[in-house]
Amino acid sequence: MSKQLLKGNQAIALAAVQAGVDAYFGYPITPQNEVPEYLSKYLPEAGKVFVQAESEVAAINMVYGAAGAGKRAMTSSSSVGIALKQEGLSYICGSELPCLIVSVMRSGPGLGGIQPSQADYYQATRGGGNGDYHLIVYAPESIQETIHYIKEGFDVADIYRNPVMILIDGLIGQMMESVDMDVPYTPRKLPEKTWAAMGKKYHSGQNVINSLSLNPDHLEKHNLDLQAKYNLVRKNEVRYELINMENPDYVIVAYGSMARIARSAIETLGEKGIHVGMIRPITVWPFPKEAFAKIPSTCKGILVVEMSLGQMVDDVEIANRGKFPIAFYGRAGGNVPDPTEVEQAILNFGKLVRL
Amino acid sequence: MIKYQKTKGLSDKKTHYCPGCTHGIIHKIVAEVLEEMNLLDNTVGVASVGCSVFSYDYFNIDMEQAPHGRACAVATGIKRVLPDRFVFTYQGDGDLASIGIAETIHAANRGENISVIFVNNAIYGMTGGQMAPTTLEGQKTTTSQLGRNHATQGNPIKVSEIFSQIDGVAYVERIAMTSPQNYRKAKAAIKKAFSYQLAGKGFTMVELLSTCPVNWGMAPADAMKWIDEKMTLTFKPGVYKDIDHD
Amino acid sequence: MKEHRLTFNNEACKGCGLCVHFCPVKILQLDASRMNQAGYPLVSVTDIKKCIGCTFCAMMCPDSVIRVESIDE
């Protein structure tokens, strides 16, 4: 156990190297620039590939190429850069390739600001690319948790042949925390990449990486197969944490940095005699709907808190199925709520309504 | 003695290309060169979006389909992680010079060891005959129905000339696919481009002036004549860069 | 003069006429009375003895229809 003080973006770079990434392709954008900067040094030292691409569009297409060739490939970006990658992500899903994308959210829309935000929840979970596809999305709340999900994310991508996104906000990317890069990670069992387009002499037959099909029946079957795969992910890969859930008066739903802020509020409210629990989604796709069945009937309401004007709240309403009243509290523009705001949102439950 | 027969580099699948389309001839030349250089089993080709979108059904090699315009970025990803494989892209004028111009220029600028087969027929074939970046001044297309006017619609882009100025480029040649003599020239050029890649010399491109009989509204042989008489006035055939001889 | 044999994979032919156009001894012609499954007119050889084995027809064929062989003694 060797703890060191590390910036989030640097820890991401170190974790990716530990996970055996073969290639990183990326482009500078605040607040994730340290990711390509550190990897531009670490990867050549490890005999691996680093390319600063000419744009986020080019970067995701380089990832697509390397992934199709059977290698572990990743990129990172933020908000407006992730917007540029949507075409590539749809192709990668349609072609059933593994890869890892780190999304460090900043405020929007458009050029927006460079301060932290969670306003790309829709972008990550609903997707801006075309067609019926999903990214598998992890939303860690700390640098240590991010390190773990980078490693597991690469494995999950390989198992399901699908992109995995690590969705964090600018706070996690930029802050420094005490972390242990040597926490053991047990790799998952991975299938052989017999499908990779790497030259005919390396496998039998001809391998073509492709998402095109002009025959509707053929394309429909492909889509049904993708959905079957997504159902497997829903069955096996949901991750969430329950905090303080024995007979809570209220339940907060929050992820990432917002969950850490909520933890402080929960503590302070507890001292005031108000018992508040939390469902913290770790996978936001697949969303942990099953956690909501565990809310006891004594609960007076669910408060969703986000650094946005309400995106995850839609998934909470779906999971809640009209059972408990839902209130929302959020900040935008790069403003980060402090714990007292979350406390006030509970104390005035339902009066600080969703905007 | 067999003097000419179908190359093993092409599959048995009948192509969907229009009668007389030079895609068929260019596919043959590329496949013949891959076969003669013993590269068929060690190649990853990148298919682009255009009439040649189904090229993975015709070439007897592993291939990856790229989004429109992105073939050179996809090829970069492949070649960087598999540097000992032979990697080429096969792109039309819309794919390479319109939506894909940034990815193509930057792959060339980085000197990526990939080979680009550039099929320039001055029109968008697959989508039904719209104006392309290489459409000639005055040429009528479905989106330049009065004839391309440079004042509002830009000028035809001279790709080989542009790429000859980029340091990472090892070899660029432009050839008109209009005769058996030019067939031999094209084959020699493609062979040279491919051998430069194997020798690690950098980015190579062969631009083939090609026909689109249906969208030009001409019979195949007349379309080849139009290349010789009209297209070559704007797009002069020749070697634009060769690092071994410059 | 050496004799040559031309073999046509007729089902692959699209009747484009490039072989007819490029034959230097003009011994090929499109024959509307013969067609393949796709409905394209096929190519007939008018006088095989005049064939010089240049392979221009086979080279310029986009569909690899023609195989050219020299008949050696």
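Trainee: I'd like a rundown of the interface of chain B and chain A, residues and numbers included.
Mentor: If you look at the interface, chain B gives 33 residues, while chain A gives 36 residues. Buried surface at the junction of chain B and chain A, summed over both partners, amounts to about 2700 Å²; 58% is from carbon and sulfur atoms. For chain B, the biggest contributors to the area lost against chain A are Asp62(B), Glu64(B) and Val81(B); these three give 21% of the whole. Our enumeration of links across chain B and chain A arrives at two salt bridges. Note that Arg110(B) and Glu54(A) form a salt bridge whose closest N and O atoms lie 2.8 Å from each other. Between the two partners, chain B and chain A, sit 19 residue pairs in polar contact (both at pLDDT 80 or more). Of all the secondary-structure elements, those providing two or more residues to the side of chain B that touches chain A are β2 (43-47), β3 (62-65), α2 (71-81) and α4 (101-109) of chain B. With seven residues, the top contributor of residues to the side of chain B that touches chain A is α2(B). In terms of residue class, the side of chain B that touches chain A is made up of 16 nonpolar, eight polar and nine charged.

Trainee: Give me the lowdown on the arrangement of the chains, citing residues and values where you can.
Mentor: Most contacts, compared over the two pairs of chains touching, are made between chains A and B. Regarding chain A and chain C, which are not in contact, the minimum distance between any of their C-alpha atoms is 20 Å.

Trainee: So, the sheet that holds strand β9 (residues 208-209) of chain A: which residues are in play, and what are the values?
Mentor: Pairing between the strands of a sheet is mediated by backbone hydrogen bonds and can be parallel or antiparallel. Taken in spatial order, the eight strands make up an open sheet running β9(A)-β3(B)-β2(B)-β4(B)-β5(B)-β7(B)-β6(B)-β8(B), and their pairing is mixed. The sheet is open, and its two borders are formed by β9 of chain A together with β8 (238-242) of chain B, each paired with just one other strand. Relative to the sheet, helix α3 (residues 56-68) of chain A contacts β9 of chain A together with β3 of chain B, its axis offset from that of β3(B) by approximately 150°. In the packing of helix α7 (residues 180-198) of chain B onto the sheet, the strands contacted are β4 (86-92), β5 (115-120), β6 (169-176), β7 (203-209) and β8 of chain B, and the crossing angle to β6(B) comes to about 165°.

Trainee: Describe α2(B), and please don't skip the residues or the numbers.
Mentor: The buried fraction of α2(B) is high, at 10 of 11 residues. Among all positions of α2(B), only Ala71(B), Cys72(B), Ala73(B), Val74(B), Ala75(B), Thr76(B), Gly77(B), Ile78(B), Lys79(B) and Val81(B) are buried.

What counts and how
- Residues numbered from 1 in each chain as written.
- Chains lettered and ligands numbered in written order.
- Predicted model: local features only at pLDDT ≥ 70, side-chain atom pairs only at ≥ 80, totals over all residues.
- Heavy atoms only, no water.
- Contact = heavy atoms within 4.5 Å.
- Buried area = accessible area lost by both parts, 1.4 Å probe.
- Salt bridge = Lys/Arg side-chain N within 4 Å of Asp/Glu carboxyl O.
- Polar contact = N/O pair within 3.5 Å; in protein donor to acceptor, adjacent residues only side chain to side chain.
- Helix = DSSP H or I, 4+ residues; strand = E, 2+ residues; numbered from the N terminus.
- Nonpolar A, V, L, I, M, F, W, Y, C, P; charged D, E, K, R; others polar.
- Pairing = 2+ DSSP bridges.
- Axes fitted to C-alpha atoms, helices over the stretch in contact; angles between N-to-C directions.
- Buried < 20%, exposed > 50% of the residue type's maximum accessible area, 1.4 Å probe, protein only.

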